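# A structural walkthrough
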Amino acid sequence: MPTRTFHVIFNANAGTALATGITEAALAEMFASNGLTATIDADADRPMPERIEQALASDADTIVAAGGDGTITALCGPILGTGKSLAILPLGTVNALAKDLRIPLDTPAAVAALADGIEQQIDVGEVNGRFFLHKVVIGTIPGLAAGREYIRTMPGVSPKLGFMRYVFRRLQRTRRIAIAIDADDKGKPRVERVQAVAVASNSYDEGFGRILARERLDGGTLTLYVLKRLTFVDFFRLASGMLLGRWHQDQALDVQSVGAVTITSHKGLLKVMFDGEVETLTTPLHFTIHPKALTVLAPPPLPDTSAPADEAVRA
């Protein structure tokens, strides 16, 4: 089997990278110690599109996103259709996709896991020509995420306590927004006043401690989460339900699996949380899913334990 080669785009400003002080030299040593051939690009002074273009022009089989979810999403679109695979070194704050793929969050372990990783095909969501890998959220949540980003690099406990006060103030003042939702282009949009809407690639699982986690990334569907209201009571009940693994049937939430959905607002621009990053998109928002469009390098999936015991024995 030919030796796999890697081109690493290192975002030293990602959350975990900042917290641990990991360096380009340290990353290079981790790859070398695992017998992996890698080029490390840590040039933060160059625009990201230019760095990605260089990576795609290289001879590397696999492009490594060494950063957070924003870095990963930035690489997704350019990689599609190139024949190269995407790998992840989770150096961000949330690392949502890395967790779904069961990639170790410890950096040395994540580098070591690349040696035994296998190529897998996962779905890619699209909204207005932009690709996403976990979810796009409209409404209250992007404002809270913006506050999180503001305090992310600030040391000490005080900024964190300030963020909690900010969350409670936002919940007190939050207002619902009016949108029209047309699922699967049926031509009969329903008008809703909602607190927030999330469109996710595939669906989030229920289960104790599985907070916004996805077991399956290749189901070929979008999942629409409509949060109809968010009072203090709703907030704590929904948070508790997520922790305990029973939240899909929450009275404040509607959940629907769709192949495509269009969301329209009277506002020409909407602030959204796009794979963890706060951005502004032009409405209407047209969502679709591209089944198994992206090749990722990740640890092998867990064995399927759903088969009856006698079938497992025969196998």
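Here, every reference points to the structure presented above.
These remarks concern the structure in this document. (Residues numbered from 1 in each chain as written. Predicted model: local features only at pLDDT ≥ 70, side-chain atom pairs only at ≥ 80, totals over all residues. Heavy atoms only, no water.)

Attention shifts here to the environment of Gly-15. Following the sequence through the fold, Gly-15 ends up in helix α1 (residues 15-20). Its relative accessible area of 16% is what places Gly-15 among the buried residues. For the pair formed by Gly-15 and Gly-92, sequence separation is 77 residues and the distance between their alpha carbons is 4.5 Å. (Helix = DSSP H or I, 4+ residues; strand = E, 2+ residues; numbered from the N terminus. Buried < 20%, exposed > 50% of the residue type's maximum accessible area, 1.4 Å probe, protein only.)

Further remarks concern the packing of aromatic side chains. Counting across every chain of the model gives five aromatic pairs. Where Phe-132 meets Phe-274, the ring centres are 6.2 Å apart and the plane angle is 75 degrees; that geometry is what we call edge-to-face. Taken together, the residues span a long stretch of sequence, with Phe-132 in strand β6 (residues 130-132) and Phe-274 in strand β14 (residues 269-274) at a distance of 142 residues. In this structure Phe-274 comes out as buried when scored by relative accessible area, which is 2%. Through a chain of ring-to-ring contacts, three or more aromatic side chains come together here, namely Phe-132, Phe-274 and Phe-287. Directly above the ring of Phe-274 sits Arg-130, whose terminal nitrogen or CZ lies 4.4 Å from the centroid. (Phe/Tyr/Trp six-rings, centres within 6.5 Å; stacked < 30°, edge-to-face > 60°. Lys NZ or Arg CZ within 6 Å of the ring centre and 35° of its normal.)

For the rest of this paragraph, the subject is the pattern of salt bridges. Scanning the entire structure with this criterion turns up 15 salt bridges. The partner of Arg-210 in a salt bridge is Glu-215, and the shortest N-O contact between them spans 3.8 Å. The exposure class of Glu-215 is exposed, given its relative accessible area of 52%. Of the charged contacts, one joins Arg-237 and Asp-234 as a salt bridge, the two residues approaching to 2.9 Å between their closest N and O atoms. Taken together, the residues Arg-237 and Asp-234, both in helix α9 (residues 232-244) and three residues apart, mark about one turn of the helix. Its relative accessible area of 26% is what places Arg-237 among the partly exposed residues. Because the salt bridges share partners, they merge into one network encompassing Asp-41, Asp-43, Arg-46, Glu-50 and Arg-51. (Salt bridge = Lys/Arg side-chain N within 4 Å of Asp/Glu carboxyl O.)

On the surface, Phe-208, Ile-211, Leu-212, Leu-243 and Leu-244 cluster together into a nonpolar patch covering about 490 Å² of accessible area. Looking at the secondary structure, you find Leu-212 in the loop between β10 (196-201) and β11 (222-227). Using a relative accessible area of 34% as the deciding quantity, one classes Leu-212 as partly exposed. (Patch = residues over 30% accessible without salt bridge, like charges linked within 9 Å, V, L, I, M, F, W, Y side chains within 5 Å. Areas by Shrake-Rupley, 256 points an atom, 1.4 Å probe, with all protein chains shown as cover.)

The topology assignment puts Pro-108 in helix α6 (residues 107-114). Look at Pro-108 and you get partly exposed, because its relative accessible area is 42%.

On the secondary structure map, Thr-223 appears in strand β11. Residue class for Thr-223 comes out buried when judged on its relative accessible area of 4%. Here Asn-202 takes part through its backbone oxygen, which lies 2.7 Å from a polar atom of the side chain of Thr-223. Aside from chain neighbours lying at most four places away, what touches Thr-223 is Ala-198, Val-199, Ala-200, Asn-202, Ser-203, Val-255, Gln-256 and Ser-257. (Polar contact = N/O pair within 3.5 Å; in protein donor to acceptor, adjacent residues only side chain to side chain. Contact = heavy atoms within 4.5 Å.)

The six strands are arranged β12-β11-β10-β7-β14-β15 in an open sheet whose pairing can be described as antiparallel. Looking along the sheet, the strands with just one partner apiece sit at the ends: β12 (253-258) and β15 (277-282). The average angle at which neighbouring strand axes cross in this sheet is 25 degrees, direction not considered. In the sheet, strand β7 (residues 135-139) pairs with β14 via three bridges, with the strands oriented antiparallel. By the bridge assignment for β14, Val-137 is matched with Met-273. (Pairing = 2+ DSSP bridges. Axes fitted to C-alpha atoms, helices over the stretch in contact; angles between N-to-C directions.)

Honestly, that's just the spatial picture; any functional story needs more than this.
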